[in-house]
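Here are the chains, one letter per residue:
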Amino acid sequence: MRRPQAAVAVMALGLTLGLVACSGESGPPVLTWYINPDDGGQEEIAARCTEEAGGDYQIQTSLLPRDASSQREQLARRLAASDTSIDIMSLDPPFIPEMAAAGFLAPVPDDLQDTDDVVQGAVDSATWDDELVTVPFWANTQLLWYRESVAEEAGLDMDQPVTWEQIMDAAAETDTLLGVQGAKAESLTVWINALIASAGGEIITNPEAPADEVQLGLDSDAGREAAQIMSRIGQEGLAGPGFPTADENASMNLFAGDNGSFMVNWPFVYPAISDSDPDLIDDIGWTIYPQVEEGTEAATPVGGINLGVSEFSEHVDLAYQAVECIVQPENQSEYFVTNGNPPSSISAYDDEEVAEEFPMAETIRDSLDQGVPRPQTPYYNEVSIGLQETWHPPAAIDPDTTPASSAEFITAVLRDERLL
Amino acid sequence: MTTPASAAEKATPTNGKRRRGSDRSRSEARLGWYLAGPAFVIMLLVTLYPILQALWDSLFSLRLTALDETEFIWFRNYQVVLGDPAFWQSLWVTVLITVITVAVELVLGFILAMVMHRAATQLRGIVRTAILVPYGIVTVVSAFAWFYAFDINSGGYINNWFSWLPGITEDLNWFAAQGTSMFVIIASEIWKTTPFISLLLLSGLAQVPGELEEAARVDGATGAQVLRRVILPNMKAAIMVAVLFRALEAFRIFDNVYIMTNGANNTEVLSLLAYNTSIGRLEIGLGSAISVLLFLCVLIIAFIAIKGFKVDLAGTRGDT
């Protein structure tokens with residue numbers, strides 16, 4: 001007769017938990033902040049802001065999945081069902097237009113509209129239809145990391161901006177490998193966008209258009225130049241055999257290995273390599289992302305996290321008060337130091353501790369200022385996956401035909417005429 | 001299937017219209033409904049409702065982020081899906097995985113079942129447990145384990161261990177081409193689910209009467225003849241049930257592909273296509289159409305197996 005007893009116990013426990021959940025309603029309103037996984041920094045900020053609020057609100061965090069597209073899937077599904085339990089969201093910038101266009105984001109109040117202290121790349125990524133729809137929190141950008149010994153051997157002056165052609169030649173000459181992301185994943189879109197934008201082009205020329213009127217700028221000289229670079233790296237094996245499946249971590253391991261030379265990657269690699277291989281750090285340098293055309297400033301990749309407030313939240317005003325607290329420059333610089341995620345606030349870079357922990361902080365800030373976001377369209381998922389379908393594996397890219405055929409494919413997908 | 005029990009049953013005078021006439025069998029049938037009825041109703045609620053909902057949704061242009069633009073479009077989603085090479089490519093990959101895995105698993109599973117059936121009594125427990133271990137591992141976990149063993153970017157050891165084989169070098173990137181990716185996906189699937197087939201076959205083996213085998217041997221039959229003429233025919237029902245269950249399961253393969261390649265290099269399977277369309281693109285209408293087609297494929301497999309090969313799922317009653 002053990003079973004029924006156990007069942008009763010489980011039911012009793014369920015009821016008690018239910019009651020506890022209900023009794024939580026009294027006291028200050030609880031704001032739920034859906035955060036992306038990090039090293040605990042967002043939770044710390046949530047606790048600090050709860051304390052600063054002095055009883056006006058309480059922030060509780062809830063963890064989203066690890067990769068950005070799964071985060072979007074979870075949030076979009078819940079918001080489409082008008083879920084009121086979401087107040088604040090840590091959002092990956094490329095998916096912000098989709099949420100904004102669907103009416104999932106509560107309008108940003110005037111006192112948070114001031115972006116004078118925010119790096120340009122982060123402002124652009126927080127904007128949809130000429131309006132700031134989210135609040136920039138931390139901003140990410142890719143730098144060009146290099147092994148000083150290899151650059152020296154190849155005779156490259158790294159104080160000057162370098163081009164893709166130069167680093168490809170250098171890798172070929174010194175028989176070393178480039179760290180670039182050739183996996184069929186979001187990182188491939190990041191790369192394609194940076195190359196096309198650096199060559200003066202755009203993936204989408206009218207990002208605000210409805211799906212069936214979107215015009216793609218892939219079939220252009222910029223598109224062909226981007227394709228040229230990617231196919232050369234693939235065909236000449238300049239990034240090693242792991243290239244077609246290499247993500248950011250794989251590139252970092254390659255770069256830190258015996259054949260490492262140059263790598264484009266996010267700043268997380270610096271603390272990661274310092275931890276795993278402290279002796280190597282002396283040989284590592286960094287500079288702005290490589291140019292496609294010599295003399296034309298590179299369009300650097302930007303990422304990061306912006307904070308959005310749900311339209312369906314029961315405490316929109318309080319949520320924005322909390323956001324204001326979260327994005328304070330002090331919080332951002334501390335978040336950088338403890339979690340390695342660079343601030344979107346310009347003044348946050350003046351913090352002494354930041355300069356000490358991250359000697360490349362200034363380069364990051366400069367890079368963020370010349371960043372170009374990925375296409376700001378509500379159909380970003382279609383565009384990004386469409387690019388990945390047609391530009392992967394990079395060795396199979398034909399600079400003469402791939403840009404045009406990928407444009408055709410993505411256009412058909414956006415018109416609901418093709419599957420992805 | 002003719003077992004001694006069923007032969008005895010057939011010999012009784014109740015043969016023929018026995019079920020319609022007998023009170024006992026009628027009350028048995030009624031009891032059967034009482035017992036299975038609640039489960040049947042719940043099954044209808046949790047399976048029929050979503051199936052009907054998917055059928056209904058598949059007739060709409062329905063995007064989760066633009067619900068106010070929802071439009072009834074009859075069968076246009078099906079037209080798009082069936083007219084797209086991506087669908088046929090996924091279907092082909094899915095069929096290929098199903099056919100290869102089921103065929104290989106059937107042979108391996110049978111060998112393992114024989115081992116379990118015949119193993120010395122002291123070892124039997126250990127052998128059975130060892131064989132069942134892969135089946136007890138969560139598919140996602142086994143997919144990651146196989147992925148990391150083969151992935152050259154995260155230090156997979158397979159290239160190192162097997163570099164003496166022709167075609168395998170230190171630089172072989174298994175997940176960079178269709179053939180090699182499919183090999184790993186299929187191999188991990190076989191490793192994972194062969195125990196399932198071998199268990200089903202083991203129960204079939206146990207039903208083969210020992211005296212038939214003995215009689216065959218006394219008549220001078222070789223081992224191969226005993227296998228072909230006595231063992232296999234007597235466990236046909238068990239084999240067909242194993243094939244049917246595994247084929248239906250293999251056709252819905254998702255985890256391995258999602259984790260290892262996420263559909264890169266033309267390794268996308270139907271479930272992944274449905275997932276990417278419904279959950280990734282949030283195109284519920286188009287995704288539902290793919291799901292409905294996937295469901296139809298599964299129905300066809302079940303139909304072919306049950307009608308075409310006369311699989312009797314209630315074979316243990318012994319009245320076929």
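None of these values were measured; they are calculated from a predicted model. (Residues numbered from 1 in each chain as written. Chains lettered and ligands numbered in written order. Predicted model: local features only at pLDDT ≥ 70, side-chain atom pairs only at ≥ 80, totals over all residues. Heavy atoms only, no water.)

A. How the structure looks around the overall build of chain A. Along its length, chain A carries 17 helices and eleven strands. Relative to a compact globule of 420 residues, whose C-alpha radius of gyration would be 22 Å, chain A shows 23 Å and is just as compact. In terms of overall dimensions, chain A has a C-alpha envelope of 70 × 60 × 55 Å along the principal axes. Here chain A, with 420 residues, has 56% of them falling under the buried criterion. In chain A, the proportion of contacts linking residues at least 24 apart, taken out of those at least 6 apart, comes to 75%. Chain A carries 15 positive and 74 negative side-chain charges, and their two centres are separated by 14 Å. (Helix = DSSP H or I, 4+ residues; strand = E, 2+ residues; numbered from the N terminus. Rg over C-alpha atoms; globule rule 2.2 N^0.38 Å. Buried < 20%, exposed > 50% of the residue type's maximum accessible area, 1.4 Å probe, protein only. Contact = heavy atoms within 4.5 Å. Lys, Arg positive; Asp, Glu negative; His and termini not counted. Charge placed at Lys NZ, Arg CZ, Asp CG, Glu CD.)

B. Just the side chain of A:Ser313, in detail. Looking at the element boundaries, A:Ser313 is found in the loop between β11 (302-309) and α12 (316-326). Reaching out from A:Ser313, the side chain makes a polar contact with the backbone nitrogen of A:His315 at a distance of 2.9 Å. (Polar contact = N/O pair within 3.5 Å; in protein donor to acceptor, adjacent residues only side chain to side chain.)

C. Region of interest: the nonpolar core. Residue and element names in this part refer to chain A. If you look at the biggest cluster of nonpolar residues, it comprises 54 residues, and the most contacted ones within it are Trp164, Trp191, Ile203, Leu218, Ile233, Phe262 and Trp391. Mapped by element, the contributors of at least two residues to this core are β7 (143-147), α6 (148-153), α7 (164-174), α8 (186-198), α9 (221-235), β9 (260-265), α16 (380-390) and α17 (402-414). Grouped together as the second largest cluster of nonpolar side chains are 50 residues, Ala80, Ile86, Leu91 and Ala100 included. (Core = buried A, V, L, I, M, F, W, Y, C linked by side-chain atoms within 4.5 Å.)

D. Looking closely at a negative patch on the surface. A contiguous patch of negative charge, built from A:Asp129, A:Asp130, A:Glu131 and A:Glu208, is present on the exposed surface. Looking at where A:Asp129 falls in the secondary structure, it is placed in the loop between β4 (127-128) and β5 (131-132). (Patch = residues over 30% accessible without salt bridge, like charges linked within 9 Å, V, L, I, M, F, W, Y side chains within 5 Å. Areas by Shrake-Rupley, 256 points an atom, 1.4 Å probe, with all protein chains shown as cover. Salt bridge = Lys/Arg side-chain N within 4 Å of Asp/Glu carboxyl O.)

E. Molecular detail of the domain arrangement of chain A. All names here are of chain A. Per the domain assignment, the segments making up chain A are domain 1 (28-140 + 302-369) and domain 2 (143-299 + 379-414). With centres defined by C-alpha atoms, the gap from domain 1 to domain 2 works out at 27 Å. Each partner contributes to the interface: domain 1 provides 17 residues, whereas domain 2 provides 14 residues. Interface area, domain 1 with domain 2, both sides summed: about 1400 Å², of which 74% is carbon and sulfur. When residues of domain 1 are sorted by the area they lose upon contact with domain 2, Asn140, Met360 and Thr363 head the list and together hold 31% of the total. Taken together, the connections running from domain 1 to domain 2 amount to zero salt bridges. (Domains from an automatic or database assignment. Buried area = accessible area lost by both parts, 1.4 Å probe.)

F. Looking closely at the interface of chain A and chain B. At the junction of the two partners, chain A supplies 28 residues and chain B supplies 31 residues. At the boundary of chain A with chain B, total buried surface from both sides reaches about 2400 Å², with 52% on carbon and sulfur atoms. At the boundary of chain A with chain B, the tally comes to five salt bridges. The salt bridge involving A:Glu382 is made with B:Arg63; its shortest N-O contact spans 2.8 Å. Between chain A and chain B we count 13 residue pairs in polar contact (both at pLDDT 80 or more) in total. Those elements giving two or more residues to the side of chain A that touches chain B turn out to be α3 (68-80), α10 (248-256) and α16 of chain A. Counting residues per element, the side of chain A that touches chain B draws most heavily on α3(A), at five residues. Classifying every residue of the side of chain A that touches chain B gives 14 nonpolar, five polar and nine charged. (Nonpolar A, V, L, I, M, F, W, Y, C, P; charged D, E, K, R; others polar.)

G. Just unusual backbone geometry, in detail. The step from A:His392 to A:Pro393 runs through a cis peptide bond, and the omega angle for that step is -5°. In this fold, A:Pro393 is placed in the loop between α16 and α17. We note that B:Asn266 has phi near 55°; this positive angle belongs to a residue other than glycine. Checked against the element boundaries, B:Asn266 lands in the loop between α13 (255-260) and α14 (270-280). Taking relative accessible area as the criterion, B:Asn266 reaches 45% and is therefore assigned partly exposed.

H. Representation of the confidence of the model for chain B in the model. Here chain B averages 87 in pLDDT, while 90% of its residues score no lower than 70. Predicted confidence for residues 1-19 of chain B stays below pLDDT 50, and this span has 19 contacts to residues more than four positions away or in other chains. (pLDDT = per-residue confidence, 0-100.)

I. Local environment of α10(A). Residues and elements named next belong to chain A. What α10 keeps buried is the set Ala250, Ser251, Met252 and Phe255. Among the structural elements, β7, β8 (177-179), β9, α11 (269-276) and β10 (284-287) are those in contact with the buried residues of α10. Where α10 begins, the capping side chain belongs to Asp247, and its oxygen is found 3.3 Å from the backbone nitrogen of Asn249.

J. Quick look at the packing of α7(A) against α9(A). Residues and elements named next belong to chain A. Packing of α7 against α9 brings their axes to within 11 Å, and their N-to-C directions diverge by 10°. Classified by the interaxial angle, the pair formed by α7 and α9 is roughly parallel. Residues Trp164, Glu165, Met168 and Asp169 of α7 pack against Ile229, Arg232 and Ile233 of α9. Among the residues forming the contact of α7 with α9, the class breakdown is four nonpolar, no polar and three charged. (Axes fitted to C-alpha atoms, helices over the stretch in contact; angles between N-to-C directions. Parallel < 35°, antiparallel > 145°, perpendicular 65-115°, else oblique.)

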